[in-house]
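Listed below are the residues making up each chain.
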Amino acid sequence: MITCSAPGKIYLFGEHAVVYGEPAIACAINLRVCVSVELTSSGKITIAAMNKRANCSSEEFKYACYAAQTIKQLFETEFGAEITIRSEVPPRQGLGSSAAVTVSTIKALSESLGIELNNETVAKIGHKVENEVQGKASPADTFVSSTGGVVLVEKAKTSHLSQLDVPLIIGATGVERSTSDVVAFVSDLRKKYPSVVGGVMSLIGDITRLGEQKLADGDLASTGELMNINQGLLESLGVSDIALSRLIYAARTAGAFGAKITGAGCGGCIVAIASTGNVDHVTEAIAKQGARVLTTTISSSGLQVEVSQERSTRDIA
Ligand code: PMV
C-alpha cells in the first residue's frame, strides 16, 4: 500500500478573478489530506472515506475517480485499486480538499504503478482532472497542494513567493457547496454584465498585485486591509452570504488585520490573519458565531509520499 499526503490551501487574494486570467495568491496550510492506494486485480476502482465506501458512480468521490481514470488513459494502463481517503481538511468548503485528494491520488497511483512523476507534473495532471470535473478551473489549487508554500498564480504561470509566518484563523460555516456551481454562477453574471464584472475582476487583480508587494514588505496590516477590500468585491459578485459575513465581521471586530472568504464562497470558509497575540481573541469571536474554527499556519511542504504509519515523510519534489 502506498500513502501520499498533500496540504489544503487558502486564498489570500484573487479567487474567481484567477479563473479569468487575473493573478491570485494562495497558500498551502498545515492541514493535510492522506490518500492510500492498494492495487487490485479486479479492474475496479473503489473508494472509502469517513466510513463510507463507494465506486466511481458516486458524486462525492468524483475527484479520486477522475484521477484514476486519467492515469489509466495517460499511461495506457489498466488496473483496479482500493483508494482510502483520510482528511483534516473539511470537504467542499473552499480549503482545497478536492485538489489535495486529486494530487495525492495521482501520486499514490503513479508510485504504486512504478511511474515516476515529479510534483509539478502531478499538479499539471491534477489541473486537467479539476478542469474535467469542474468544467473550468485555475491551476492554483493543484499547484499549491503539490508544491506547498505561498504561490502567485497568473494565467498558466505559477511561482513561489517568500514563505510567510502568519497565523491563519479559518472559520468554517459547515455549508458545503460545489465549486463548479459557484464558478458557473459567476460566469453567468459575467455574461450578463461583461463590462461591470470584467471591471470587478480587473480590480481584484490590482489588489492581488498590491498585496504581493505588501507581503514582500512584511506589512501585515496593509495586507489585511487589502483582504478586506477584496472581500467587498467578492461580495459584489454575490459569492458571500450572511453566515460568512457574520464570521468576517466578528474576526475584524476582534482585531484581525483582515478577513475574507476563501475559495469559491456561497458557503464554505472565511480566513482571517491576525497578530500572534490576537489569535485567541479572534478565534473566540468566530467560534461565538457558531463556526468551527481551525487555527493553522502556512505549510512550506507540498505533496509527499508517506513512508511509515507515523507520518514521517519523504520529499518527492
Ligand atoms: O473553493 P475552492 O477551494 O474550490 O476554490 C475555488 C477557487 C476559484 O477561483 C473560485 C475557482 C478556481 O478554480 O480557481
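Here, every reference points to the structure presented above.
Here the structure is a predicted model, which is why all the values come from computation and not from measurement. (Residues numbered from 1 in each chain as written. Predicted model: local features only at pLDDT ≥ 70, side-chain atom pairs only at ≥ 80, totals over all residues. Heavy atoms only, no water.)

1. Side note on the overall build of the chain
In terms of regular secondary structure, the chain is built from 9 helices and 13 strands. Expected size for 317 residues packed as a compact globule is a radius of gyration near 20 Å; at 19 Å, the chain falls within 12% of this value. Expressed along its principal axes, the backbone C-alpha trace of the chain runs to roughly 55 × 45 × 35 Å. Carbon and sulfur atoms make up 49% of the accessible area of the chain, which amounts to about 13300 Å² in all. (Helix = DSSP H or I, 4+ residues; strand = E, 2+ residues; numbered from the N terminus. Rg over C-alpha atoms; globule rule 2.2 N^0.38 Å. Areas by Shrake-Rupley, 256 points an atom, 1.4 Å probe, with all protein chains shown as cover.)

2. Points about the packing of helix α1 (residues 62-74) against helix α2 (residues 97-113)
In a pair of packed helices, the angle between the axes and the distance between the axes together describe the arrangement. Two elements in contact, α1 and α2, have axes separated by 9 Å at closest approach and are oriented at 35°. When you trace α1 past α2, the crossing you get is right-handed. Packed against α1, whose contacting residues are Tyr-63, Ala-64, Ala-67, Ala-68 and Ile-71, the element α2 presents Ser-98, Val-101, Thr-102, Thr-105, Ile-106, Leu-109 and Leu-113 at the interface. Among the residues forming the contact of α1 with α2, the class breakdown is 9 nonpolar, 3 polar and no charged. (Axes fitted to C-alpha atoms, helices over the stretch in contact; angles between N-to-C directions. Left-handed = near helix turned anticlockwise from the far one by under 90°. Contact = heavy atoms within 4.5 Å. Nonpolar A, V, L, I, M, F, W, Y, C, P; charged D, E, K, R; others polar.)

3. Considering the environment of Phe-61
When you line up the elements, Phe-61 lands in the loop between β4 (52-55) and α1. With 37 residues separating them along the chain, Phe-61 and Ser-98 place their C-alpha atoms 9.1 Å apart. Excluding residues that lie within four positions of it along the chain, Phe-61 makes contacts with Ile-47, Ala-49, Lys-52, Ala-54 and Ile-85.

4. Topic: the side chain of Glu-22
Within the secondary structure layout, Glu-22 lies in the loop between β1 (2-13) and β2 (24-40). Side-chain polar atoms of Glu-22 contact the side chain of Arg-209, separated by 3.4 Å. For Glu-22, the contacting residues outside a window of four places in its chain are Ala-17, Val-153, Glu-154, Met-201, Ser-202, Gly-205 and Arg-209. (Polar contact = N/O pair within 3.5 Å; in protein donor to acceptor, adjacent residues only side chain to side chain.)

5. Here we look at the state of the cysteines
Two cysteines joined by a covalent bond between their sulfur atoms form a disulfide. For the structure on display, the rule yields 1 disulfide. Residue Cys-56 pairs covalently with Cys-65 via a disulfide, S to S 2.0 Å. Residues Cys-56 and Cys-65 are joined by a disulfide whose S-S torsion is about -105°; by sign, that bridge is left-handed. Here Cys-56 falls in the partly exposed class, since its relative accessible area comes to 31%. By relative accessible area, which is 3% here, Cys-65 ends up buried. Looking at Cys-27, it has no disulfide partner, and the nearest cysteine sulfur is the one in Cys-269, 15 Å off. A residue is classified by how much of its surface remains accessible, and Cys-27, at 0% relative accessible area, is buried. (Disulfide = S-S within 2.5 Å. Buried < 20%, exposed > 50% of the residue type's maximum accessible area, 1.4 Å probe, protein only.)

6. A few points about the site of the ligand
As a matter of local geometry, the ligand sits amid 18 residues, with Lys-9, His-16, Arg-177, Thr-179 and Ala-264 nearest to it. Residue Tyr-11 places a side-chain N or O atom 3.4 Å away from an oxygen atom belonging to the ligand. His-16 is positioned such that a nitrogen or oxygen atom in its backbone is 2.9 Å from an oxygen atom of the ligand. Those elements giving two or more residues to the shell around the ligand turn out to be β1 and α5 (179-192). Considered class by class, the residues forming the shell around the ligand number 7 nonpolar, 7 polar and 4 charged. (Near = heavy atom within 4 Å.)

Just geometry here; none of it tells us what the structure is for.
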